[in-house]
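# Coordinate analysis (summary)
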Amino acid sequence: MNILAPSILAADFKQLGRQLEEIRENGAEYVHIDVMDGKFVPSISFGMPVIKSIRPATDKVFDVHLMIEEPIRYLKEFKESGADIITVHYEACGDVAATLQGIRDLGLKSGLSIKPKTEVDVVKEFLPLCDMILLMSVEPGFGGQKFIDGSLERAGELRKIINASGLPINLEIDGGITLGNVADVLDAGVNVIVAGSAVFKDPAENTKQFMEILNGRN
Ligand code: DX5
Ligand code: ZN
């Protein structure tokens, strides 16, 4: 099944409750939540109190993307705030396996993300500990950037690696996804689509349009 994960980094925070309702009504199954620490990435976004406060606003899956150094320090707090999936960066973990295992030990789904310049092969040894692989198609840190050429090929390689493992692992992509390129991304083997600016310009209408394309390729 193809899933849309609108990134609330691009939302209008004074109307967040209403916008969460609009994306839910139009078929988005995940809410993508970007946590940035000002160290692993240059920006600082938001953390546990914001996640906790919006948790009652929707019953959809909270897909929490941690762009922070040594996320193993905070897994329990993110669970308590309402995370359902926690994705960590390969480049940010001293012990990737222990971090992924820590997420699973809390009863949550685990994701492993790689930045655009990280070799796709690095994920192989961690696949038994992953429910999702997140391919960054921009340098993490900011919304509204342009999709990096070459990400489609990388997505295709990751899909092959996942299929060869025989494990039921989702492949998510994040950065620069639009209504214009999402079909190509799905064709490359991605099944979870993060989109920030392309959804929140008009959350109801854009979610609807994304879902028509995603459902058309299920
Ligand atoms: C970037 C974040 C993304 C971002 C995507 O570091 O991980 O989730 O919000 O924004 P768009 O879809 O606008 O590129
Ligand atoms: Zn993200």
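You'll find the structure just up there.
Residues numbered from 1 in each chain as written. Chains lettered and ligands numbered in written order. Predicted model: local features only at pLDDT ≥ 70, side-chain atom pairs only at ≥ 80, totals over all residues. Heavy atoms only, no water.

## Things to note about helix 4 (residues 96-105)
Rules: Three labels apply to residues, based on accessible area from a 1.4 Å probe with only protein chains included: buried if under 20% of the type maximum, exposed if over 50%, partly exposed otherwise in between. By definition, any uninterrupted DSSP run of H or I lasting at least four residues is a helix, any uninterrupted run of E lasting at least two residues is a strand, and each is numbered from the N terminus. Relevant arc is that of directions from the helix axis to the C-beta atoms, nothing else. Here, residues are in contact when the closest pair of their heavy atoms is within 4.5 Å. What qualifies as a polar contact is a pair of N or O atoms within 3.5 Å, subject to a donor-acceptor requirement within protein and to the restriction that residues adjacent in sequence count only when both atoms come from side chains.
Residues of helix 4 that are buried include every one of Val96, Thr99, Leu100, Gly102 and Ile103, and no others. Buried positions in helix 4, seen along its axis, are confined to an arc of 155° and lie on one side of it. Where the residues of helix 4 are buried, they touch helix 3 (75-81), strand 4 (85-89) and strand 5 (109-114). By the N-cap criterion, in which a side-chain oxygen at the helix start approaches the backbone nitrogen of a residue two or three places on, helix 4 is capped by Asp95, the distance to Ala97 being 3.3 Å. Remark: Gly107 follows helix 4 within two positions and exhibits a positive phi of approximately 85°.

## Here's the deal with the coordination of the zinc ion (ligand 2)
Applicable threshold: Distances define the donors: N, O and S atoms within 2.8 Å of the metal qualify, as do those within 3.2 Å of Na, K or Ca. Water is excluded, so some sites may look unfinished. When four donors show all angles between 85 and 135 degrees the site is tetrahedral, when four or six donors have opposite pairs over 155 degrees and all other angles between 65 and 115 it is square planar or octahedral respectively, and in every other case it is irregular.
Those protein atoms acting as donors to the zinc ion (ligand 2) are His32 (NE2), Asp34 (OD), His65 (ND1) and Asp174 (OD), and they sit at 2.0 to 2.3 Å. The site at the zinc ion (ligand 2) holds 6 donor atoms, and with the angles between them running 68 to 168°, its shape is octahedral. In the primary sequence, the donor residues of the zinc ion (ligand 2) line up as H-x1-D-x30-H-x108-D. Remark: His65 occurs in strand 3 (residues 61-67) and Asp34 occurs in strand 2 (residues 30-36); sequence separation between them is 31 residues. The two residues Asp34 and His65 agree in class, both being buried.

## With respect to the site of ligand 1
Note the threshold: One heavy atom within 4 Å of a molecule or strand is enough for the residue carrying it to be called near that molecule or strand. Throughout, the Shrake-Rupley method with a 1.4 Å probe supplies accessible areas, and for residues the shown protein chains are the sole cover considered. Amino acids are sorted into nonpolar (Ala, Val, Leu, Ile, Met, Phe, Trp, Tyr, Cys and Pro), charged (Asp, Glu, Lys and Arg) and polar (every other residue, Gly among them).
Taken together, 20 residues surround ligand 1, and among them Asp34, Gly141, Asp174, Gly196 and Ser197 come closest. One of the side-chain N or O atoms of His32 is found 3.5 Å from an oxygen atom in ligand 1. The side chain of Ser197 places a nitrogen or oxygen atom 2.5 Å from an oxygen atom of ligand 1. Across the complex, the protein chains shield 99% of the 380 Å² of accessible surface that ligand 1 would expose by itself. Listing elements by their share of the shell around ligand 1, those giving two or more residues are strand 2, strand 3 and strand 8 (192-195). Among the elements that line the shell around ligand 1, the one with the most residues is strand 2, at 3 residues. Along the lines of polarity and charge, the residues of the shell around ligand 1 split into 8 nonpolar, 10 polar and 2 charged.

## Observations regarding the sheet that holds strand 7 (residues 170-174)
By way of backbone hydrogen bonds, the strands of a sheet pair with one another, either parallel or antiparallel. Filter applied, for reference: When DSSP finds two or more bridges between a pair of strands, those strands are recorded as paired. Here the axes come from fitting lines to C-alpha atoms, over the contacting stretch only for helices, and the angles between their N-to-C directions go from 0 to 180 degrees.
As summarised here, the arrangement of the 8 strands in space is 1-8-7-6-5-4-3-2, forming an open sheet in which the pairing is parallel. Edge positions in the open sheet fall to strand 1 (3-6) and strand 2, since each of these has one partner strand only. Recorded for the sheet is a direction-independent mean angle of 25° between the axes of neighbouring strands. Bridge count between strand 2 and strand 3: 7 bridges; the pairing is parallel. Of the residues in strand 3, the one forming a bridge with Asp34 is His65. Helix-sheet contacts for helix 8 (residues 203-216) involve strand 1 and strand 8, and the interaxial angle to strand 1 is about 155°.

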